[in-house]
Amino acid sequence: MKKPYITLAIAAALITAPVFASPQQMDPNMPGMAGMHEAAPADVQGVGVVKAVDTAKNTITLQHEAIAAIGWPAMTMPFKVASPELLKHVKVGDKVQFTFRQASTGSTVTAIRPAR
C-alpha cells in the first residue's frame, strides 16, 4: 500500500525540482556578447470584425481570425490603441485589417483600416 505513495512522491519531486532550481544570471559583459540587444517587438497583422469601441478607455474589441504568425486561434478580445485617432474611423460591425504590437502589458493596435 505504501509503495504507490512513495513512487508518486518521488515522481512529483522529480517533476517539480527544475522549478526550484535557481537560474543563472547572464553577464552582459561576457565575451562575444557585444552588440546583442533585446529584440524589439515585431508588428503583427490581423483581420477581424469590430465588436466594441471604447473611446473613454482607448480600447477596441475585435473578433479576429486566427493569427498564425504568433500562434493565436480565432477569438474575440480587447486591444489598447496607440492613438485615440485610430478609433475615429471605425464602428461596430466593420471588418478591418489591423496591426498590433505585443508587450507584457498587453497588445496595442498601432494601425487599423477597412478590410478588402
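Note: the structure precedes this text.
Residues numbered from 1 in each chain as written. Predicted model: local features only at pLDDT ≥ 70, side-chain atom pairs only at ≥ 80, totals over all residues. Heavy atoms only, no water.

Participant: Where do I start with the nonpolar core in this structure?
Facilitator: Most often, soluble globular proteins have nonpolar side chains that are buried together. Residues Ile60, Leu62, Phe79, Phe98, Phe100, Val109 and Ile112 are the most contacted members of the largest nonpolar core, which totals 17 residues. Elements represented by at least two residues in this core include exactly strand E1 (43–54), strand E2 (59–64), strand E3 (75–81), strand E4 (95–103) and strand E5 (106–114). Beyond its immediate chain neighbours, meaning those up to four positions away, Val109 contacts Ile60, Leu62, Phe79, Lys80, Val81, Ala82, Leu86, Phe98, Thr99 and Phe100. (Core = buried A, V, L, I, M, F, W, Y, C linked by side-chain atoms within 4.5 Å. Buried < 20%, exposed > 50% of the residue type's maximum accessible area, 1.4 Å probe, protein only. Helix = DSSP H or I, 4+ residues; strand = E, 2+ residues; numbered from the N terminus. Contact = heavy atoms within 4.5 Å.)

Participant: When you look at the pattern of salt bridges in this model, what are you seeing that I'm missing?
Facilitator: Oppositely charged side chains may form a pair once their charged atoms are brought near each other. Inspection of every chain in the model, using the stated rule, returns 4 salt bridges. Two residues, Arg101 and Asp43, come together in a salt bridge whose shortest N-O distance is 2.5 Å. A residue pair is termed long-range when its members are at least 10 positions apart, and Arg101 in strand E4 and Asp43 in strand E1 qualify at 58 residues. Given a relative accessible area of 41%, Asp43 falls into the partly exposed group. Where Glu85 meets Lys88, a salt bridge forms, and the shortest distance between an N and an O atom there is 2.9 Å. Among the residues examined, Lys88 registers a relative accessible area of 58% and is labelled exposed. (Salt bridge = Lys/Arg side-chain N within 4 Å of Asp/Glu carboxyl O.)

Participant: Mind showing me how you'd approach the sheet that holds E2 here?
Facilitator: By way of backbone hydrogen bonds, the strands of a sheet pair with one another, either parallel or antiparallel. Read around the barrel, 5 strands follow the order E1-E2-E3-E5-E4 and close on themselves; strand pairing throughout is mixed. When the angles between neighbouring strand axes are averaged without regard to direction, this sheet yields 55°. (Pairing = 2+ DSSP bridges. Axes fitted to C-alpha atoms, helices over the stretch in contact; angles between N-to-C directions.)

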